[in-house]
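# Reading the structure
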Amino acid sequence: MSKIFVDDDSFDTVTIGGSPVMNDTTDNIRQSVNTPTISAKGVMDSARNESVTITDHNAPMVVLFGPPTCGKTMTLVRLARYLAAKYCFKPDQAFRDSSDSDYEVLCNRFNEAVNSDMAADGTKYIEFMLLRVNNRQNGKTLCQFVESPGEFLFDPNNPNAGFPAYLNQIAQCNNRRIWVFFLEPGMSSIDRKHYVARIQNMRAFINNRDKIVFVTNKVDMPATSGFITSQTSIDMAGLYNYMSGLYAGLFDLFPPRGFWLWKSPRFGFTAFQTGTYVTSKDANGQEFKTFQAGHDSYPARLWEVLYKCIKG
Ligand SMILES: Nc1nc2c(ncn2[C@@H]2O[C@H](COP(=O)(O)OP(=O)(O)O)[C@@H](O)[C@H]2O)c(=O)[nH]1
Ligand SMILES: [Mg+2]
């Protein structure tokens, strides 16, 4: 057994640390698609070789890794809303050059997105940031999420591009790291092959104390929706087998450690759906995308896996 599955049937009622969590399954987020004030390309060009500042050298860093549009930002938005009763997701202004006023805007945009009226499309403007997850009761930072543009991590159009400088910094700091590799059923076969090679190269950044989690996002898409057996459960073993066929050789990159009965899995595996997305037009013919958060069982399941890694 080389993987950790999370039992799916434990999500009928969801509480975290004894306190009920916000149930936002009926929330709608809506905003015009055409209102960015920051050029995503400009942000990315300047950020690619940017060095970053990590001020908290204790709290584990959860690094979201995946191609553009695999769902990294919306995963954070969904987790932030789900955990809102207990944890506050706070963008860390020190992470990037504080004189960069764009970064301040990006940080504010994350809060907008979590709190209400940020469209899913807007997430491409809030790409590169560090978010501290602070316990509301004692103010302690439980972990820090790093979200960065997918193009820096794995660009399907340039799969052999060098890794960005900040990855090295993150890999070398004292904090433990949890590397979250996003998989998605919609990737083409050639992109999947390149992505497996990319993750193979990522092993040079991962040390023995680090944890690894594979997340199949967009599990609601036709290729994988058959593994959803009820509102709260997923045939995780079936999905794992399917994904290991789809991303040939990926899971073998991280074989279990130890001997025989004492073998311990090297990675976690879970499935996620941030929500459902519908593109519509308003009265002026302007397109907008609505996001309706998925069932709480998804963030509950993902958080269970991540929390174990953070604590472990
Ligand atoms: N069907 C489906 N689409 C999703 C899901 N999560 C994200 N998406 C789509 O992917 C787009 C990009 O998501 P985003 O979080 O911005 O991706 P990022 O570039 O990795 O940060 C969204 O606007 C949605 O259209 C999901 O769970 N299911
Ligand atoms: Mg993003």
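These figures come from a predicted structure and were not determined experimentally.

## Let's talk about the overall build of the protein
For the protein, the helix and strand inventory stands at nine helices and 15 strands. Within the span of the protein, comprising 312 residues, buried residues form 40% of the whole. Summarising the internal contacts of the protein: among those between residues at least 6 apart in sequence, 77% fall at separations of at least 24.

## Considerations on helix α9 (residues 297-311)
With 15 residues, α9 should reach 21 Å at 1.5 Å per residue; the first-to-last C-alpha distance of 21 Å fits that figure. Here α9 has its buried residues at Ser297, Tyr298, Pro299, Ala300, Arg301, Leu302, Trp303, Val305, Leu306 and Cys309.

## Quick word on the packing of helix α2 (residues 72-82) against α9
Running from N to C, α2 and α9 point in directions that differ by 95°, and their axes come no closer than 10 Å. Accordingly, the angle class assigned to the pair α2 and α9 is roughly perpendicular. On α9, the residues touching Arg78, Leu79 and Tyr82 of α2 are Pro299, Leu302 and Trp303. Considering only residue class, the contact of α2 with α9 consists of five nonpolar, no polar and one charged.

## Some thoughts on α2
Across the eleven residues of α2, eleven count as buried, placing the element largely inside the fold. Where α2 is concerned, the buried positions are Lys72, Thr73, Met74, Thr75, Leu76, Val77, Arg78, Leu79, Ala80, Arg81 and Tyr82.

## Some thoughts on the environment of Arg48
When you line up the elements, Arg48 lands in the loop between α1 (40-47) and β5 (61-65). Given 17 C-beta atoms within 10 Å, Arg48 falls into the partly exposed group. Distance in space between the C-alpha atoms of Arg48 and Phe152 is 6.8 Å, their sequence separation being 104 residues. Apart from residues lying up to four places away in sequence, Arg48 is in contact with Phe152 and Pro164.

## Describing the nonpolar core
A general feature of soluble globular proteins is that nonpolar side chains tend to end up buried together. Core analysis: the biggest nonpolar cluster contains 69 residues, and Val62, Val63, Val180, Phe181 and Val213 have the highest contact counts within it. Take this core: its biggest share by element is seven residues, from α9. Sequence-distant contacts of Val62, defined by excluding residues within four places in its chain, comprise Cys143, Gln144, Phe145, Ile178, Val180 and Leu306.

## Thoughts on unusual backbone geometry
Backbone geometry places Thr69, a non-glycine residue, at a positive phi of 65°. Structurally, Thr69 is set in the loop between β5 and α2. Note on Thr69: 15 C-beta atoms within 10 Å, which makes it partly exposed. Backbone geometry at Trp260 places phi at a positive 40°, although glycine is not the residue there.

## A look at the environment of Leu131
Looking at where Leu131 falls in the secondary structure, it is placed in strand β7 (residues 129-135). The exposure class assigned to Leu131 is buried, which follows from the 23 C-beta atoms found within 10 Å. For the pair Leu131 and Met61, spaced 70 residues apart in the sequence, the C-alpha separation amounts to 9.5 Å. Beyond its immediate sequence surroundings of up to four residues, Leu131 is in contact with Leu76, Phe89, Lys90, Pro91, Asp92, Gln144 and Phe145.

## Thoughts on the environment of Thr279
By secondary structure assignment, the location of Thr279 is in strand β14 (residues 275-281). The exposed category is assigned to Thr279, around which 12 C-beta atoms lie within 10 Å. C-alpha of Thr279 to C-alpha of Thr290: the two residues are eleven residues apart in sequence and 6.4 Å apart in space. Ignoring anything within four residues of it in the chain, the contact list for Thr279 reads Glu287 and Lys289.

## A few points about the pairing of strand β8 (residues 141-147)
Across the seven residues of β8, five count as buried, placing the element largely inside the fold. Relative to β8, β5 runs parallel, the two sharing three bridges. Looking across to β8, one finds that Val63 is bridged to Val146. Bridge count between β7 and β8: six bridges; the pairing is antiparallel.

## Looking at the pairing of β7
In terms of residue burial, β7 counts as a mostly covered element, since five of its seven residues are buried. Judged from the five bridges that link them, strand β6 (residues 87-91) and β7 form a sheet pairing that is antiparallel. Directly across from Cys88, in β7, lies its bridge partner Asn134. Connecting the antiparallel pair β7 and β8 is a turn made up of five residues, with Gly139 showing a positive phi of about 75°.

Procedures and definitions
Residues numbered from 1 in each chain as written. Chains lettered and ligands numbered in written order. Predicted model: local features only at pLDDT ≥ 70, side-chain atom pairs only at ≥ 80, totals over all residues. Helix = DSSP H or I, 4+ residues; strand = E, 2+ residues; numbered from the N terminus. Buried ≥ 20, exposed ≤ 12 C-beta atoms within 10 Å, placed from the backbone. Contact = placed C-beta atoms within 7 Å. Expected span 1.5 Å × (residues − 1). Axes fitted to C-alpha atoms, helices over the stretch in contact; angles between N-to-C directions. Parallel < 35°, antiparallel > 145°, perpendicular 65-115°, else oblique. Nonpolar A, V, L, I, M, F, W, Y, C, P; charged D, E, K, R; others polar. Core = buried A, V, L, I, M, F, W, Y, C linked by C-beta atoms within 7 Å. Pairing = 2+ DSSP bridges.

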